[in-house]
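Structural overview
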Amino acid sequence: MAGLSVTMVSIPLNLAIALGSGVPPELVANAVRDHGLAGLAIATICCGAMQMTTGALKLGGIVKLTPAPVMTGFMTGIGALIITAQLPRALGVHTLNMETIRLNMPHLFSAAADSSMELASTLAAEQANLISLPSLGLAALTVGITMGLNRTKLAAKLPAVMVAVAITSTLQGVLQMPGVEMIEPLPAIFTSITMPSLPSLGETAHIAALSALFFAIGSLESLLSCGAVDKLAKARRGFDPNQELVGQGAANMACGMLGGMPATSVIARSSLSVLAGGKTRRVALSMSGLMLISTALLSDVFQHIPVPTLAGVLLAVSTRMIDVDEMKQIWAMRKPEALLPVGITVAGMLAADLVVGVAMGLTSSLALNLYHRGGSMPRPSLQYCIRNDEIAEAGKRLVRVSLGGQVDFLGGMRVQQMQIDLDDALNGGAAECHNENNESVEAHVMSPTAIEVDMKGATITDVSGAFLLGELVTGLQRRGHTVKVVNALPDCRELLLKSHVPAEAVHS
């Protein structure tokens, strides 16, 4: 059912080049202008090959180094971008170009400084006459049904998105309210498939550069989106970035061979899957099959869905991305990390684009990390060792996890590996101890009854480090294990408590 819910929204939205390509629309337009559709397809194939190679070489894990405040800023920025993109559709306003407003934001700010009240009143007066009340009503009803139904016990059995789309589409079909835009007819898909031809020798360098750009932007958006969806879904074990890149690379190579353009994992539709109750890969598989069948056989059905309905669905999804509670949590832990990386990432995404926003957020996080380290150059220094100790009572075991070094966002990959090793140990398999020189030894753990995390040699440098350890502890607790953090320094204990680790689990 979750796959069907996502399909109903994905098909019409994928008709738009900006949403269907996964890269900036002007980049695709320029590629087609300079190299034709065949050049775009070749660039897509090369992009896919680079993604598969990156995943096969296990280089995708670098996304685990993304600081928690930057990830929060990324999710907030995507949510804000969705809202600005969908508001005109929800209001039935066709002349309000939010992309133009975003690109000219600096000029708007300077104009507002001179005549802000006059400008605001003029815009309000102009747009008030353009708003379609039926469109606004359908969008508001969709948001209300989607968010309201998801707060009830029926959400597990009755997908809120499908209910909202069905009710509002039926309402528009019966009342035939004027001024409501409907989805345009879907094009025939099988007649438009063409195999790309090889580029000329003179175009090779340009297409290679275009492929690298597709690879960089598409991979970054995909991996960050997957990380954000993990947080929305409260996944016990995070996604595998290398597997994601291999799978997406194979898909992009297939797209290019069929004359298509690059695709990425997009947080809007992935979040919709979470909202609809999806939890496994079956959602993606069912959505792919349903999308193929629907575009081929059921295109007439989608013409009866109002555009404001789809806008309402995405507005409901975007509100889940803007995690106010997490921003408050970061603010309570360390105010500079809430003001700088989160705010700078959002501002950069709104004023420029995704890549610029994330780059600005990462730069500010590195600067803060350098400050907290007292000026020493940041480098991964987290070490850990997992071992099995006897407890006084016969037949019981205690798993000890000893930490050392700096626990910060640079240790994200090491914490992920520690969690994998710990899971293996808890299942009776072999675990490994890792030090800063990446030396390892095996340790076997059987039938544990408690887990002790010893922080005697470790310090938490930033908010991301606290989140990493907090998620590790609370995740183990959710799985029924008794977890105790010992020998934590006072400031480390305070950060862990503010990252929602229970007070009884943290000891100085």
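Residues numbered from 1 in each chain as written. Predicted model: local features only at pLDDT ≥ 70, side-chain atom pairs only at ≥ 80, totals over all residues. Heavy atoms only, no water.

The name given to the chain in an unreviewed UniProt entry is Inorganic anion transporter, sulfate permease (SulP) subfamily protein, and the organism recorded there is Acanthamoeba castellanii. Listed under Subcellular location (unreviewed entry) in UniProt, the entry text for the chain is "Membrane". (UniProt positions renumbered as here; feature names shortened; annotations may be inferred.)

1. Thoughts on the overall build of the chain
Broken down by element type, the chain carries 20 helices and six strands. Relative to its 508 residues, the chain shows a buried fraction of 45%. Accessible surface computed for the chain: about 24400 Å², of which carbon and sulfur atoms make up 64%. (Helix = DSSP H or I, 4+ residues; strand = E, 2+ residues; numbered from the N terminus. Buried < 20%, exposed > 50% of the residue type's maximum accessible area, 1.4 Å probe, protein only. Areas by Shrake-Rupley, 256 points an atom, 1.4 Å probe, with all protein chains shown as cover.)

2. Things to note about the environment of Ala425
Tracing the backbone shows Ala425 in helix α18 (residues 412–426). When the C-alpha atoms of Ala425 and Arg387 are compared, they prove to be 8.8 Å apart, with 38 residues separating the residues in sequence.

3. What to know about unusual backbone geometry
Its identity is not glycine, yet Lys58 carries a phi of approximately 60°, on the positive side. Note that Lys58 resides in the loop between α3 (25–56) and α4 (68–91). Despite not being glycine, Asn487 shows a phi value in the positive range, around 60°.

4. What to know about the nonpolar core
Formed by 38 residues in total, the largest nonpolar core has its most connected members in Val401, Leu403, Met455, Ile460 and Leu496. Contributing elements (two or more residues each) for this core: α15 (324–333), β1 (383–390), β2 (397–407), α18, β5 (448–460), α19 (463–478), β6 (482–486) and α20 (490–498). In this structure, Leu403 is in contact with Leu382, Gln383, Tyr384, Met418, Val453, Asp454, Met455, Gly457, Ala458 and Leu469, ignoring residues within four places of it in sequence. With 19 residues, the next largest nonpolar core counts Val63, Leu223, Met321 and Met349 among its residues. (Core = buried A, V, L, I, M, F, W, Y, C linked by side-chain atoms within 4.5 Å. Contact = heavy atoms within 4.5 Å.)

5. A word on the packing of α4 against helix α17 (residues 354–372)
Between α4 and α17, the least distance of the axes is 10 Å, while the angle of their chain directions is 155°. Our classification of the angle between α4 and α17 gives roughly antiparallel. The handedness of the crossing between α4 and α17 comes out as right-handed. Touching Val70, Phe74 and Ile78 of α4 are Leu354, Val358, Gly361, Leu362 and Ser365, all from α17. (Axes fitted to C-alpha atoms, helices over the stretch in contact; angles between N-to-C directions. Parallel < 35°, antiparallel > 145°, perpendicular 65-115°, else oblique. Left-handed = near helix turned anticlockwise from the far one by under 90°.)

6. Notes on the side chain of Thr168
Along the chain, Thr168 turns up in helix α8 (residues 160–175). Polar side-chain contacts of Thr168 include one of 2.7 Å to the backbone oxygen of Ala164. Apart from the residues within four sequence positions on either side, Thr168 is in contact with Leu138, Leu141, Thr142, Pro306 and Thr309. (Polar contact = N/O pair within 3.5 Å; in protein donor to acceptor, adjacent residues only side chain to side chain.)

7. Some thoughts on the pattern of salt bridges
In total, this model carries two salt bridges according to the counting rule given. For Lys498, the salt bridge identified is with Glu494, shortest N-O distance 3.1 Å. Of the two residues, Lys498 and Glu494 are both situated in helix α20; the distance of four residues between them amounts to about one turn of the helix. (Salt bridge = Lys/Arg side-chain N within 4 Å of Asp/Glu carboxyl O.)

8. Remarks on the confidence of the model for the chain
Averaged over all residues, the pLDDT of the chain is 75; the fraction at 70 or higher stands at 70%. By mean pLDDT, the top-scoring element of the chain is helix α7 (residues 133–149) (91), and the lowest-scoring one is helix α2 (residues 17–21) (35). Counted against residues more than four places away or in other chains, residues 95–101, with its pLDDT under 50, gives eight contacts. (pLDDT = per-residue confidence, 0-100.)

9. Observations concerning α17
Count 3.6 residues to each turn of an α-helix, and residues three or four apart come out pointing the same way. Relative to the 27 Å expected for 19 residues at 1.5 Å per residue, α17 spans 27 Å between its end C-alpha atoms, a close match to the ideal helical length. Just downstream of α17 lies Gly374, where phi reads positive at about 75°. (Expected span 1.5 Å × (residues − 1).)

10. Considering the packing of α7 against α8
As a packed pair, α7 and α8 sit with axes 8 Å apart at the nearest point and diverge in direction by 150°. By the angle between their directions, the pair α7 and α8 is classed as roughly antiparallel. Pair α7 / α8 crosses with right-handed handedness. Contacts between α7 and α8 involve Leu138, Leu141, Thr142, Ile145, Thr146 and Leu149 from the former and Ala160, Val161, Val163, Ala164, Ile167, Thr168, Leu171 and Gln172 from the latter.

11. Side note on the state of the cysteines
Taken as a whole, this structure holds zero disulfides when the rule is applied. Residue Cys47 stays outside any disulfide, its sulfur separated by 8.8 Å from that of Cys46, the closest cysteine. (Disulfide = S-S within 2.5 Å.)

12. Topic: the environment of Ala140
If you trace the backbone, Ala140 turns up in helix α7. Ala140 sits in the partly exposed class, given a relative accessible area of 47%. Each C-alpha atom of the pair Ala140 and Ala311 lies 9.5 Å from the other, and the pair is 171 residues apart in sequence.

13. Notes on a nonpolar patch on the surface
Together, Leu141, Ile167, Leu171, Val174 and Leu175 give the surface a local cluster of nonpolar side chains, amounting to about 420 Å² of exposed area. Per element, the largest residue contribution to the nonpolar patch is four residues, and it comes from α8. Among the secondary structure elements, Leu175 is positioned in helix α8. (Patch = residues over 30% accessible without salt bridge, like charges linked within 9 Å, V, L, I, M, F, W, Y side chains within 5 Å.)

14. Here's the deal with the environment of His206
Within the element layout of this structure, His206 appears in helix α9 (residues 204–233). Here His206 falls in the exposed class, since its relative accessible area comes to 52%. Distance in space between the C-alpha atoms of His206 and His35 is 8.8 Å, their sequence separation being 171 residues.

15. Brief notes about α7
Spanning 17 residues, α7 covers 24 Å between terminal C-alpha atoms, matching the ideal 24 Å at 1.5 Å per step. Turning to α7, its buried residues are Ser135, Leu138, Ala139, Thr142, Ile145, Thr146 and Leu149. Projected down its long axis, α7 shows its buried positions confined to an angular sector of 130°, all on one face. (Arc of directions from axis to C-beta.)

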